[in-house]
Structure formats: C-alpha cells, structure tokens
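Here is how the chains run, residue by residue.
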Amino acid sequence: MKITATQFVSNDKDKNTFISVFKHYSNLTEKKVSKEGDIYALLSISGSGELPAERVSKFVWDGIVDGYLYSNAKSTNESLKDSIKEGIRKVKDLIKNDKSVEDVGININFVVIAQKEEGLYIGNFGENEIYIYKENRFVNIFKIMKKKKSTVAGIALGQDDILIVSTYGLITEAMSNFMGLKNGKEVLNSLDNFGKQILNSEGMIYFVSREGEKEGKKIEVKADITKDIPAPRVKLPKKTDGGKKLKEIISKISIRFKSIIEKVKSFFVKRVGLVKDKFQGLLSKTKQLKKPESRKDSVKGMRIDGYKRKDLVISRVKKLVLVALGIILLAVSITLIVNGKKARDRHNLAIEAFESIGNLLDKAEENIVLDIDSSETYLFQAGKLFENIPTQLNDEDSVKLKELEGRKLSLEDTVYKRVPVEEEDGSLTKFTDHRLTFGEGSNPTDIELYKDTSGKEYLIVTDPGLKKVHTVSLKDIEKGSIPDNDGLIKDPLYVSLGNTGVFVYDSKSGVVRATFKDSGFDKFVALSGLGQDDIDAEDIVEMIVLAEDDNVYLLSRDKSSLLKSGFSYENRYNLSFQYIDNNAFANATDVDADISVYFSSTDEPKLIRYVYSQYEQQQIFSDMQTVGFDGNYGNITKLFTYGSGGLYYDLYLFDSEGKRFLRMEKPIESGSDKRHAGQILLKSQIVYRGTDENMWSDVRDFVVDSNQSAMYILEGSSIWKVVL
C-alpha cells in the first residue's frame, strides 16, 4: 500500500515553542539494522527563549530512531514503545548533563508514526492531536488512546482515508473548516489551504493512501482502532461572535475599573473624615482656652501685615493641614494603586503557574502505573514551574500552592518509592538517650544486634566516652554492660557478633572477645595475634567477624585493603594479611557480608561487591547494575545485611548526603530461586518527614532486626527506632 505524507510547520520567533518534523527512510538508512518501515515524528518543544530547541529536537529524534530500530520487541507496537522510552531517556540525559537546559526547563510533546506495508502505527507522548478521516467523518484517535490509557495504536488506511497529526488544539479549533465536505479529495484540498495559513508555532502532518488498499499482513493490534468506534457525529466547537466577545471584554474591564475607583474613593473619604474629626477637636480645645488679658497699651482691632493675629494663625494652620492632607492622600493613593497592581500581577502569574502545574501533575498521575518514566518527566517539569510562582501570595493562592506542593510530594513518593517517617504518626520513636541511660560523658560509636538463648534481643553499644560496652534490651530497655575485669576496654570503636561471642575493636588494645555465657557474656579477653601492635594498619574504619571459625576482618584505608586474621585455637589468631585489595578502599566507609562481601566508598563505584570464585580460589570483583532508580547513591557511610541466610535478607544503605536509608533487594544468581542476576533492586527509600532539621545528620551506625520489622539508628547520643 503506497502512503504519502505532507507536512506544514510554522515557527514564530517571538514564541518559546519550536516545532519540527523528522523522517527516517528504511531504504536510505546507514544504520546496521534491517527493520522494515519508514518513521516520521512531529515534535513540539517549549521552554524559555534561551532554550537550544533545534539541538534538543535532533537529540530527541536520534533517541526515537535508535529506540525503534534497535528494539528487540517482536511487535511494531512494542518497538514504538521502546522508541518513546529512548526519546524520553535522551531528554533526561540532556537535562542531567547540560546545566543550561536544566536551568531554562523544557516541555516536550511528540507523535511517532511508523509506516509499514500493512498500515500505520502511532506512538504518542504528551499532548498532541491525532485524527483520522474515515467514511466521511473525523474520529479523534488521541481521545480514544487516552481513554484506553494506551500510548500506541495501529491504523489501516483505506482509499480516501486520511491520518492527521498536529500540535495540540490546531485541528480541533479549525474543524469547522473541514465539515460539510463531500469526500476525501475535498478534505485534502482544505487541509492544504489550511496548512499554508498556519502562522503561530504550530505544525501538522497528514498521511493518505494513494492507491487502492492491497491485502497485506494483519495489523498487530486486535483490530483497526477505528472499527470499534460508533458513528455519532463529531461535536464541533461553536463559532464565537467576535463582536460579542469584544463587548464582554470591555464590560469586564469597565466593571473592574469601577471597582478600583470605588475602593480608592472609599479610602479617601475615610481618611478625610479622620483628619476632619481631629482638626475639629483641635479647634474645640483652642476655643476652650482662657483668653489672655489685654495689655493697656494695645489698640483694639490692631492688624499685623494686614490681618488680625487670630485670623492669621487659623488661616496658616488650615493651609498646612490641607497641604499635608493632600500629600498624604496622594501618597496613599499611589501606594494603593501600585500595591494593588502588584498583587494582581502576582495573582495572575500564580494562577497561570497553578494551571500548568495541575495539568502536569494530572499527566504524571495518569502514567504512574503504565509508564513511570513519563511520570518522572512530568514531575520534573512541574518542579521547575514551582520556581516561577511569586512570593507574597494572597490567602487563597497560598492555600492552592500548599495543595499542589502536597500533591506533587505524594506523587514523587510513589514514583521514587519513598517511605516517609516522623514522630507524630509513631513510625519514628526515640528508643534511648545515652546520656540519660548510661550517664554523662557517653559517646557511643557502633551498635550490634544480639539474641540470647531464650530468644530475647539486645543492642550492644560501644562507648569510648565511658570506656564500656553496653547492652540494652529491646523489650524493656533494661541496660547493662559486658564485664571488663582486666581493663581491656580503653577506646572501643567497633563491635561484631561471631559464633563464639562478641568481638570489639579497641584502638588501644586491638581486637578483644567476650564469649557467650548462659544468657549473657563472660569477661573480655585479649586475642593473641590481634593486639594493636600486631595489626599492621593505622586507619581502621570497620571490623566484621565471619565464617564458622570466627575469622576477623578489618577494613583499612591506609592499606586500601580488607585485612583477614584466621582463627588458630583458643584465644589465638594468625597475623592479619591483605585479603581483598582495591584502590577505592582508600575512601571506604563500611563493610558487611553474607556469601558476598559488600563495601561502601566515597569513590566510584559507591557500592562494591566481591564474590568467592571456586575456580580462582579467591574473592573477585562482581559488578552490579542498579535497577529501580538512577543509581545516584549520594554518600554511603553505612550499610547492613544479615550474614546468616542473608540472600533473602535485604541490603540497607545510609546516604548521609540525602539523609535517607535505601532498602535494596539483592540478586540470587543460582538455584531454583534465581532472581535478577547481576542487578540490585531498589525496594524503598526511608526518608524523615518531621520537624527536626538536624535529624539523621550524625548517623554513626544502624542495625535491622531479624524479622526486618524495625531499624535501630545510632544518631549522635541517641538511638531511634523506625518501624519498617
């Protein structure tokens, strides 16, 4: 079936919108693909006058073409979806990498049309217009797609059928020009005439079959999208009377002007009345004053400068009062008019921004399930528009602004998987305050979770301020401490739980251990081979204990290495050696492990994983792709996961830059439960939404209980509990 396309584009330089039409012909492509069909696109890009619209348009078009041609989808519709996603991704990359584009903000709408032997396929992003002229009537395809919440559709063009794509509002407003025409030929002539008269930043492209419809492949959707549409006539927008509109506008301006005059008049009357009352009161008091006795040498009726003394004083006072009153009234009038105009301007700007923001939030909400990438783009655009809202709004506009901000925040929480916590709803509570619980001078540095033989859970807390290792019951907050009869605890920094007991790294004593005893612990004892003089490292930032034998691992920045000391017998350990080396460990912040070893670092990559290779008989680096968010980890300072059965336990990260906890689902790369191998998936972001601006500014460590129902956060001198 031979189909031809005709385009009409107009760009007004005074507008901040740029329209463009792009074409890709499969028989002329230089790309190393053999996908059938030509591709067309109508793009509309708007922003400030400084937006490099032509460059952005070409950038988006390249993404659309690559997304379609290199898609592995089996159907054309799915390939179009991939092209839309790639076009959106290109926009996001451009915004992220080009500060000038991010500052001006952009709004993009486009329609992609793929022409194949069996018909046309349409992909839509944003607000556009898509009509088909079929069987002597116009059908609004865009409305049908929107109602079905679909971004793609298939169209089979018959003889005299016309597919019309345009910028938003162009065809609908001009529909009266095309009604009453007898056939497709007359519609085409009318379309050509109309297209030549486009003046603003608008564009249109139409497709028409030039031959009789040939029998080809079946369309890849359930049916031609127009076949299920009943045949009622399209309701046309009513023609408006230009003269009547002008009268209405003049009438509204007149009413508004009269209202302003009445307000100014009322203001003046009130001020004049107040001044008059004060002046009359002043005169009344003057009359009540006792007249002074006349001097003997005074002459009755004597004049000075041609006036009586009393008349002169009153006359001058009246003049001064009138002049002052006039100046005051003039100043107040000018101020009132200027302030009123500023208030109206602020209101008008706010209303315009509110409407645009509301429309973008509506689009984000519509796409939040089917196309979360589009929702993210709409939310970003809405966020830029909030910057244009003026300050000093009236009460009504302030309420509307708060409503829109709350709605945007709620949508962002859904899109970015944020889980807000705060004190008011009980999702965040203060578990302990160490200075109250343990005493003045407490300065905790690290915590660990411990469950005794009776199933009772405790927190173990290192406290170099008081030179102790405390225990706190999760059930009743009962406090205690691990015995230190030999005075080994001098500067305890890190704690880790092993199979034989609790291990503590002390910067002065080295690694010490307290073995399990009944439901508690025996006293701390020194470990031969792990004394401070035995450890060949200075900048130790974390310690973990792993494996059945309770091997001790120390993360050393100065060595850029994870040091390992293997258990020998009783309280003896081998001298430590460099077990895993990586230059990124020079800025490492934490380490934890299950069957994999996870590191956090301020260098890239921020999250590092090592797995044990049976073939190489050593730990090897294993790259992981981040899924569910953009991979911007911020500044990870702490991480936590369970060693025992840890594959089914989530990995938790703390980002000190964003003051948030990231909950990640780890990959399972073998066995029947295999899931997203080589990928780590964001499940949620835990963010503070309370009133304390300093919350989570000094997070030193955190743990999560074995049921993953609560998180305990060591924040400064307190421990906070978060319900998960």
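Residues numbered from 1 in each chain as written. Predicted model: local features only at pLDDT ≥ 70, side-chain atom pairs only at ≥ 80, totals over all residues. Heavy atoms only, no water.

Colleague: Describe the packing of helix H1 (residues 53–69) against helix H2 (residues 76–97), with residues and values.
Modeller: Orientation of H1 relative to H2, taken along the N-to-C sense of each, is 145°, at an axis distance of 7 Å. Between H1 and H2 lies a crossing of right-handed hand. Across from Arg-55, Val-56, Phe-59, Val-60, Gly-63, Ile-64, Gly-67 and Tyr-68 in H1, the residues of H2 making contact are Thr-76, Ser-79, Leu-80, Asp-82, Ser-83, Glu-86, Gly-87, Lys-90, Val-91 and Leu-94. Classifying every residue of the contact of H1 with H2 by side-chain character gives eight nonpolar, six polar and four charged. (Axes fitted to C-alpha atoms, helices over the stretch in contact; angles between N-to-C directions. Helix = DSSP H or I, 4+ residues; strand = E, 2+ residues; numbered from the N terminus. Left-handed = near helix turned anticlockwise from the far one by under 90°. Contact = heavy atoms within 4.5 Å. Nonpolar A, V, L, I, M, F, W, Y, C, P; charged D, E, K, R; others polar.)

Colleague: Got a sec to walk through the nonpolar core? Specific residues and values, please.
Modeller: Membership of the largest hydrophobic core comes to 46 residues, with the highest contact counts inside it found for Val-56, Val-60, Ile-106, Ile-108, Phe-110 and Ile-389. Elements supplying a minimum of two residues to this core: strand S3 (38–47), H1, H2, strand S4 (106–116), strand S5 (119–125), helix H8 (309–367), helix H9 (372–386) and helix H10 (395–415). In contact with Val-60, other than residues within four places in its own chain, are Leu-43, Gly-87, Val-91, Ile-108 and Phe-110. Counting 31 residues, the second-largest nonpolar core is a separate cluster that includes Phe-640, Met-695, Val-704 and Trp-720. (Core = buried A, V, L, I, M, F, W, Y, C linked by side-chain atoms within 4.5 Å. Buried < 20%, exposed > 50% of the residue type's maximum accessible area, 1.4 Å probe, protein only.)

Colleague: Just give me the short version of the side chain of Thr-432, but keep the residues and values in it.
Modeller: Among the structural elements, Thr-432 can be located in strand S12 (residues 428–433). Among all residues touching Thr-432, those that are not within four sequence positions of it are Thr-437, Val-472, Ile-477, Ser-718 and Ile-719.

Colleague: Now, about a nonpolar patch on the surface: what can you tell me, with residues and values included?
Modeller: A contiguous nonpolar surface patch, about 260 Å² in accessible area, is contributed by Leu-330, Ile-334 and Val-338. By secondary structure assignment, the location of Ile-334 is in helix H8. On the basis of relative accessible area, Ile-334 is assigned to the partly exposed category, the value being 47%. (Patch = residues over 30% accessible without salt bridge, like charges linked within 9 Å, V, L, I, M, F, W, Y side chains within 5 Å. Areas by Shrake-Rupley, 256 points an atom, 1.4 Å probe, with all protein chains shown as cover. Salt bridge = Lys/Arg side-chain N within 4 Å of Asp/Glu carboxyl O.)

Colleague: Any details on the side chain of Asp-463? Residues and values, ideally.
Modeller: Within the fold, Asp-463 resides in strand S14 (residues 457–463). Buried charge without a partner: Asp-463 forms no salt bridge, and the closest opposite charge is Arg-700, 7.5 Å away. Separated by 2.8 Å, the side chain of Asp-463 and the backbone nitrogen of Asn-443 make a polar contact. Aside from chain neighbours lying at most four places away, what touches Asp-463 is Ser-442, Asn-443, Pro-444, Lys-468, His-470 and Pro-492. (Lys, Arg positive; Asp, Glu negative; His and termini not counted. Polar contact = N/O pair within 3.5 Å; in protein donor to acceptor, adjacent residues only side chain to side chain.)

Colleague: Can you lay out a negative patch on the surface for me, pointing to particular residues and giving the numbers?
Modeller: A cluster of acidic residues, Glu-423, Glu-424, Asp-425, Asp-692 and Glu-693, forms a negative patch at the surface. Among the structural elements, Glu-424 can be located in the loop between strand S11 (418–421) and S12. (Charge placed at Lys NZ, Arg CZ, Asp CG, Glu CD.)

Colleague: Account for the packing of H9 against H10, with residues named and values stated.
Modeller: Taken N-terminus to C-terminus, the directions of H9 and H10 make an angle of 150°; their axes are 11 Å apart at the nearest point. With respect to their mutual orientation, H9 and H10 come out roughly antiparallel. Crossing handedness for the pair H9 and H10: left-handed. For the pair H9 and H10, contact is made by Ile-372, Ser-375, Glu-376, Leu-379, Ala-382, Gly-383 and Phe-386 and by Leu-401, Leu-404, Glu-405, Lys-408, Leu-411, Glu-412 and Val-415, respectively. Grouping the amino acids of the contact of H9 with H10 by side-chain chemistry returns eight nonpolar, two polar and four charged. (Parallel < 35°, antiparallel > 145°, perpendicular 65-115°, else oblique.)

These results come straight from atomic positions and should not be treated as a statement about function.
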